[in-house]
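Take a look at the letters that make up each chain.
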Protein chains: 2
Amino acid sequence: MAQVLVAPRLRLNRDRVLQAAVQLADRIGIDALSMRRLAEELGVVPMALYKHVANKDELLDGMVDVIVAEIDPPNGDLGWKAAVRLRVLSARQMLLRHPWARSVLESRTRETPTVLDYMESTIGMFLAGGFSADLTHHVMHALGSRMWGFTQELFDASAGPDRPPVDIAAQVAQLQAMAERYPHILQISEVATHDDSVVARGCDDRFEFEFALDLLLDGFERLRDAGWSSDARPTA
Amino acid sequence: MAQVLVAPRLRLNRDRVLQAAVQLADRIGIDALSMRRLAEELGVVPMALYKHVANKDELLDGMVDVIVAEIDPPNGDLGWKAAVRLRVLSARQMLLRHPWARSVLESRTRETPTVLDYMESTIGMFLAGGFSADLTHHVMHALGSRMWGFTQELFDASAGPDRPPVDIAAQVAQLQAMAERYPHILQISEVATHDDSVVARGCDDRFEFEFALDLLLDGFERLRDAGWSSDARPTA
DNA sequence: ACCTGAACACCGTTCAAGT
DNA sequence: ACCTGAACACCGTTCAAGT
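Everything quoted here is computed from the prediction, not taken from an experiment. (Residues numbered from 1 in each chain as written. Chains lettered and ligands numbered in written order. Predicted model: local features only at pLDDT ≥ 70, side-chain atom pairs only at ≥ 80, totals over all residues. Heavy atoms only, no water.)

1. Here's the deal with the overall build of chain A
Then, number 1: Counting its secondary structure elements, chain A contains 10 helices and 2 strands.
Then, number 2: Listing every helix and strand of chain A by position from the N terminus yields α-α-α-α-α-α-α-α-α-β-β-α.
Then, number 3: Looking at chain A as a whole, 44% of its 236 residues qualify as buried.
Then, number 4: A fraction of 69% describes how many contacts in chain A between residues 6 or more apart in sequence connect residues 24 or more apart. (Helix = DSSP H or I, 4+ residues; strand = E, 2+ residues; numbered from the N terminus. Buried < 20%, exposed > 50% of the residue type's maximum accessible area, 1.4 Å probe, protein only. Contact = heavy atoms within 4.5 Å.)

Take a look at the structure:
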């Protein structure tokens, strides 16, 4: 009788399933993550997973919980502005570790307790900072998905399929073709053109993210100090 | 011999395929839109589509082109601020007509000519408004997906599966359970509580969208007037 | 030039059965 | 209580063939 060669399997449980799913998505991407592929990874038949998650949707919700729990808790010693800033930057670090998380967070209503906890404590930071409930409400909307550390790339390389390896010659040709049809895009693209060399510097993602975040935080502060209220809103 | 009862079919072409795909997605949602379902809609075998779009990804890109072309062109008679504002609100109207568009726009790198044209003319509005190329670059990042009219709902009902019909009694019970664990969330939820009646007013999406948009536009203007430059950026 | 039919390699999920 | 095996109703896409 041939000896069984697979490693002795630990008993499955919900947490092991979710942890494995997160790690697998980190490695192979969210599109390639299927119930069948995950089962294979765990050395188990696909249907075995259904004892621990009701279906794929619940698996994705569970994965969101795992990663949202990775975001640092609020630092109570700082003022509201620094505290919110630090926390959102922590969310951004989480997103950078799990590039698939953005599309998953965006694709669901995400009202799990972990997600609600995150929002609850974020709202608490504004209220503690002297924001009215009214203003806090609108401020949370304005912050929007940036609360999750979403960086809004103009052309989001991470959103689409993997880019083909960079062909410098082709890129230069493409940029020069663009110069005619899209002069403004080229102008703001931080592209340095000398003689016939064209070099795209690319964006400093962290700088762009903080630029937008600080613009919003400064705006929030100004409204708070001005005693802003939605009572002045135009009648619909 | 039985007469053929299907309506006499028009010849397929790329445009008819894309138009049909947009209408079908409007009707049945993006998840239910498959090559097979679309072929059925057009009274054709699935493989017939592949003569007009290379694959499903190209179909989605084509659908994006169709709806981005629906956004109003810039109005040159207004100042930059009103022009940008009006145009982004036009994009938002388009998104409301095509609820699936948000996730599709977000899921691709979207560098099609139609999309580039939209960005080109948006950038042009800022440059014409006296913004430096430097500031315009960062402003476009800060505007981010709001440029496409994306409204950032705290709990995005449209992002998830269809909500079950509202059960008032269940909702009240849920809100009261939430009051203990998530007091801050409840506090900013525009929820009026009298005696034991709990009524959630919900958000005015248009107001939230314009609040955030105007906050950003005001911030942009202030930076422009202050002669902002990224040269002062902190060293990484 | 355009459309068809059969097939391939995948999905998520059900059901009834095993231990 | 947990895992399995076979099956169902779907996918996107290929290939070779029809008209």
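2. Overview of the pattern of salt bridges
Then, number 1: Within this structure, the stated rule accounts for 25 salt bridges over all chains.
Then, number 2: Among the salt bridges present, the one from R181(B) reaches D117(A), with a minimum N-O distance of 2.9 Å. Here R181(B), found in helix α8 (residues 168–181), pairs with D117(A), found in helix α6 (residues 113–128), and the two come from separate chains.
Then, number 3: Classification of D117(A) by relative accessible area gives partly exposed; the value is 34%.
Then, number 4: One network of salt bridges, in which partners are shared, links R85(A), R206(A), E210(A) and D214(A). (Salt bridge = Lys/Arg side-chain N within 4 Å of Asp/Glu carboxyl O.)

3. A word on the protein's contact with DNA strand C
Then, number 1: Taken together, 17 residues form the shell around DNA strand C, and within it R36(A), M47(A), Y50(A), K56(A) and H52(B) come nearest.
Then, number 2: Restricting the count to atoms of DNA strand C within 4 Å of the protein gives a sugar and phosphate share of 47%.
Then, number 3: The separation between a phosphate oxygen of DNA strand C and a polar side-chain atom of S34(A) is 3.2 Å.
Then, number 4: In the environment of DNA strand C, a phosphate oxygen lies 3.0 Å from a nitrogen or oxygen atom belonging to the backbone of V45(B).
Then, number 5: When the residues that make up the surface near DNA strand C are grouped by side-chain class, the tally is 8 nonpolar, 3 polar and 6 charged. (Near = heavy atom within 4 Å. Polar contact = N/O pair within 3.5 Å; in protein donor to acceptor, adjacent residues only side chain to side chain. Nonpolar A, V, L, I, M, F, W, Y, C, P; charged D, E, K, R; others polar.)

4. Some thoughts on the packing of aromatic side chains
Then, number 1: Evaluated as defined, the whole model comprises 14 aromatic pairs over all chains.
Then, number 2: Ring geometry for W80(B) versus F126(B): centroids 5.8 Å apart, planes at 40°, classification tilted. In this pair, W80(B) sits in helix α4 (residues 80–97) while F126(B) sits in helix α6 (residues 113–128), placing the two residues 46 residues apart along the sequence.
Then, number 3: Ring pairing ties together the aromatic residues W80(A), F126(A), F131(A) and F220(A), which thus form one cluster.
Then, number 4: We note R102(A) situated over the ring of F150(A); from NZ or CZ to the ring centre the distance is 5.5 Å. (Phe/Tyr/Trp six-rings, centres within 6.5 Å; stacked < 30°, edge-to-face > 60°. Lys NZ or Arg CZ within 6 Å of the ring centre and 35° of its normal.)

5. Comments concerning the protein's contact with DNA strand D
Then, number 1: Inspection of the region around DNA strand D gives 17 residues, with H52(A), R36(B), M47(B), Y50(B) and K56(B) positioned closest.
Then, number 2: When the atoms of DNA strand D within 4 Å of the protein are grouped by moiety, sugar and phosphate amount to 47% of the total.
Then, number 3: Here a phosphate oxygen of DNA strand D sits 3.0 Å away from a polar atom, N or O, in the main chain of V45(A).
Then, number 4: At a separation of 3.2 Å, a phosphate oxygen of DNA strand D approaches a polar side-chain atom of S34(B).
Then, number 5: Along the lines of polarity and charge, the residues of the surface near DNA strand D split into 8 nonpolar, 3 polar and 6 charged.

6. Remarks on the packing of helix α7 (residues 133–143) of chain A against helix α10 (residues 205–225) of chain A
Residue and element names in this part refer to chain A.
Then, number 1: Packing of α7 against α10 leaves a shortest axis separation of 11 Å and a crossing angle of 165°. If you check the angle between α7 and α10, you find them roughly antiparallel. The handedness of the crossing between α7 and α10 comes out as right-handed. Of α10, the residues touching α7 (which contributes L135, V139, A142 and L143) are L213, L216, F220, L223 and R224. (Axes fitted to C-alpha atoms, helices over the stretch in contact; angles between N-to-C directions. Parallel < 35°, antiparallel > 145°, perpendicular 65-115°, else oblique. Left-handed = near helix turned anticlockwise from the far one by under 90°.)

7. Let's talk about the UniProt feature "DNA-binding region" (unreviewed entry) in chain A
Then, number 1: The positions that UniProt labels "DNA-binding region" (unreviewed entry) are, in the present scheme, residues 34–53 of chain A.
Then, number 2: Between the end C-alpha atoms of residues 34–53 of chain A the distance is 13 Å, and the span holds 35% helix and 0% strand. (UniProt positions renumbered as here; feature names shortened; annotations may be inferred.)

8. As for the UniProt feature "domain: HTH tetR-type" (unreviewed entry) in chain A
Then, number 1: Within this numbering scheme, the UniProt entry marks residues 11–71 of chain A as carrying the feature "domain: HTH tetR-type" (unreviewed entry).
Then, number 2: With 57% helix and 0% strand, residues 11–71 of chain A has its two end C-alpha atoms placed 29 Å apart.

9. A closer look at a nonpolar patch on the surface
Then, number 1: Together, V45(A), M47(A) and Y50(A) make up an exposed nonpolar region whose accessible area comes to about 310 Å².
Then, number 2: As for its placement among the helices and strands, Y50(A) is situated in the loop between α2 (35–41) and α3 (56–68). (Patch = residues over 30% accessible without salt bridge, like charges linked within 9 Å, V, L, I, M, F, W, Y side chains within 5 Å. Areas by Shrake-Rupley, 256 points an atom, 1.4 Å probe, with all protein chains shown as cover.)

10. Overview of the packing of helix α1 (residues 14–28) of chain B against helix α3 (residues 56–68) of chain B
Residue and element names in this part refer to chain B.
Then, number 1: Closest axis-to-axis distance for the α1/α3 pair is 9 Å, and the angle between their directions is 80°. The orientation of α1 with respect to α3, classified from their angle, is roughly perpendicular. Touching R14, V17, L18, Q19, A21, V22 and A25 of α1 are E58, L59, G62, M63, V66 and I67, all from α3.
Then, number 2: Per-class residue counts for the contact of α1 with α3 are 9 nonpolar, 2 polar and 2 charged.

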